[in-house]
Each structure stands twice: as C-alpha cells, then as structure tokens.
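What follows is the residue order along each chain.
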Amino acid sequence: MRTPILYGSVHVLFYRNEEVLLLKRQNTGFQDGNWSVVAGRMDGGEEVIAAAIREAEEEAGVVIKPTDIEIIGVMHRKNTTSEWVDFFLNVHSWQGEITNKEPEKCEQLKWFHLKELPDNMVNYIRLALEKKQQGLWFESIGW
C-alpha cells in the first residue's frame, strides 16, 4: 500500500455585484490556459484563513482582515498522484486595488458575470462557483 500524499489549499473568492474575479493560469504546469481563482497550497504551520489572506496579498495585491473572510466550502479531491483538501473562502471586503502580482504565473485577472463564466475553467473551480453560497458545503471529487 502506498503512502497517500495529502495537500491543503485555499481558494479565495472575490465577488463584485454579480461578478467573480478569475485568473488565467500560465507557466505553472497545472491547468495552464484555464481560468481559476486566487488560490494556493497551504505552506504548513498556518491556519486556513491566514493562508487565504497571504495568497490574496501575494497574487492580487490586496489586504484582507481576518474578520472580512469566511470559509464557505470544503472539497476533498483525488487525482492520479495526490489528494487535496481544498478550502473555499468568500471575501466580504478588502483594502487596495486588485492587481496581478504574479504575471509569470497569471496571464490575466478579470471579472466575469456569474452567468457568463468562460468555457475553459478548471472544472472543480466551476463546480465550487455553482454551489449555493449560503451555508457551508462539502464535495468529494475523483473517488
């Protein structure tokens, strides 16, 4: 029996009216050319909300107070080489202007109407965005 590899990640959801902020991945080796959200692997030794706040500042250049972000969903994913526990967090407000701080990994940041999401999205991100954003949800994928 092989030892499972389990990673944790955070996915930060920014909403503006009926729009969601997406980023187009590039040069990462994972889903390049597809749209996702501000996200990243947890470094270890950090709490979920702290990890989301760090990722938002690193990727989008904004500052979020811990009281302005909440966990809205959890996903357990399995792929061919690893398992992931993904935390999805909704940002209620932030300080600063959203800016692409990682142009080497992000081709573009863009607001999309929730009813007009691009076809080329990371599939589990689309699933998360389609979930009702009321109450905490959970999903298993790849099992």
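Up top you'll find the structure we're talking about.
This section reports on the structure supplied with the text. Computed from a prediction, not measured in an experiment: that's the story for all the values here. (Residues numbered from 1 in each chain as written. Predicted model: local features only at pLDDT ≥ 70, side-chain atom pairs only at ≥ 80, totals over all residues. Heavy atoms only, no water.)

**Things to note about the overall build of the protein**
(1) Moving on: The helix and strand inventory of the protein stands at 2 helices and 8 strands.
(2) Moving on: Listing every helix and strand of the protein by position from the N terminus yields β-β-β-β-α-β-β-β-α-β.
(3) Moving on: Its C-alpha atoms give the protein a radius of gyration of 15 Å, within 12% of the compact-globule value 15 Å for 143 residues.
(4) Moving on: Of all 143 residues assigned to the protein, the portion counted as buried reaches 45%. (Helix = DSSP H or I, 4+ residues; strand = E, 2+ residues; numbered from the N terminus. Rg over C-alpha atoms; globule rule 2.2 N^0.38 Å. Buried < 20%, exposed > 50% of the residue type's maximum accessible area, 1.4 Å probe, protein only.)

**A look at the nonpolar core**
(1) Moving on: Residues Val10, Phe14, Ile64, Ile69, Leu89 and Ile98 are the most contacted members of the largest nonpolar core, which totals 25 residues.
(2) Moving on: The set of elements that each furnish at least two residues to this core consists of β1 (6–16), β2 (19–25), α1 (48–60), β5 (69–78), β6 (83–91) and β7 (106–113).
(3) Moving on: When residues in this core are grouped by element, the largest group, 7 residues, is from α1.
(4) Moving on: In this structure, Leu89 is in contact with Val10, His11, Val12, Leu13, Val48, Ile49, Ala52, Ile69, Glu70, Ile71 and Ile72, ignoring residues within four places of it in sequence.
(5) Moving on: Residues Trp35, Met121, Ile125 and Ala128 belong to the second largest nonpolar core, which totals 18 residues. (Core = buried A, V, L, I, M, F, W, Y, C linked by side-chain atoms within 4.5 Å. Contact = heavy atoms within 4.5 Å.)

**Quick look at the pattern of salt bridges**
(1) Moving on: Across all of its chains, the model carries 7 salt bridges by this definition.
(2) Moving on: Residue Arg54 is joined to Asp43 by a salt bridge in which the shortest nitrogen-to-oxygen separation is 3.4 Å. Of this pair, Arg54 sits in helix α1 while Asp43 sits in the loop between β4 (38–41) and α1, and the two are 11 residues apart along the sequence.
(3) Moving on: A relative accessible area of 17% places Arg54 in the buried class.
(4) Moving on: Asp43 gets classed as exposed once you look at its relative accessible area, which sits at 57%.
(5) Moving on: The network of salt bridges with common partners includes Asp43, Glu46, Arg54, Glu55 and Glu58. (Salt bridge = Lys/Arg side-chain N within 4 Å of Asp/Glu carboxyl O.)

**A closer look at the layout of surface pockets**
(1) Moving on: Approximately 620 Å³ is the volume found for the largest pocket.
(2) Moving on: For the largest pocket, the lining is made up of 26 residues, of which Arg25, Phe30, Ala39, Gly40 and Arg41 are closest to its centre.
(3) Moving on: Of all the secondary structure elements, the ones that give two or more residues to the lining of the largest pocket are β1, β2, β4, α1 and β6.
(4) Moving on: Sorting elements by how many residues they give to the lining of the largest pocket places β1 first, with 4 residues.
(5) Moving on: Looking at side-chain class alone, the lining of the largest pocket contains 9 nonpolar, 8 polar and 9 charged residues. (1 Å grid on protein atoms, 1.4 Å probe; cavity = no way out; pocket = protein on both sides within 12 Å on 5 of 7 lines; lining within 4 Å. Points joined across faces, edges and corners; volume = space filled by probe spheres on them. Nonpolar A, V, L, I, M, F, W, Y, C, P; charged D, E, K, R; others polar.)

**Overview of the pairing of β2**
(1) Moving on: Extensive coverage of β2 is indicated by the burial of 6 of its 7 residues.
(2) Moving on: As paired elements, β1 and β2 share 2 bridges and run antiparallel to each other. By the bridge assignment, Tyr15 is partnered in β2 with Val20.
(3) Moving on: Taking the residues between adjacent antiparallel strands as the criterion, β1 and β2 are bridged by 2 residues, where Asn17 takes a positive phi near 55 degrees. (Pairing = 2+ DSSP bridges.)

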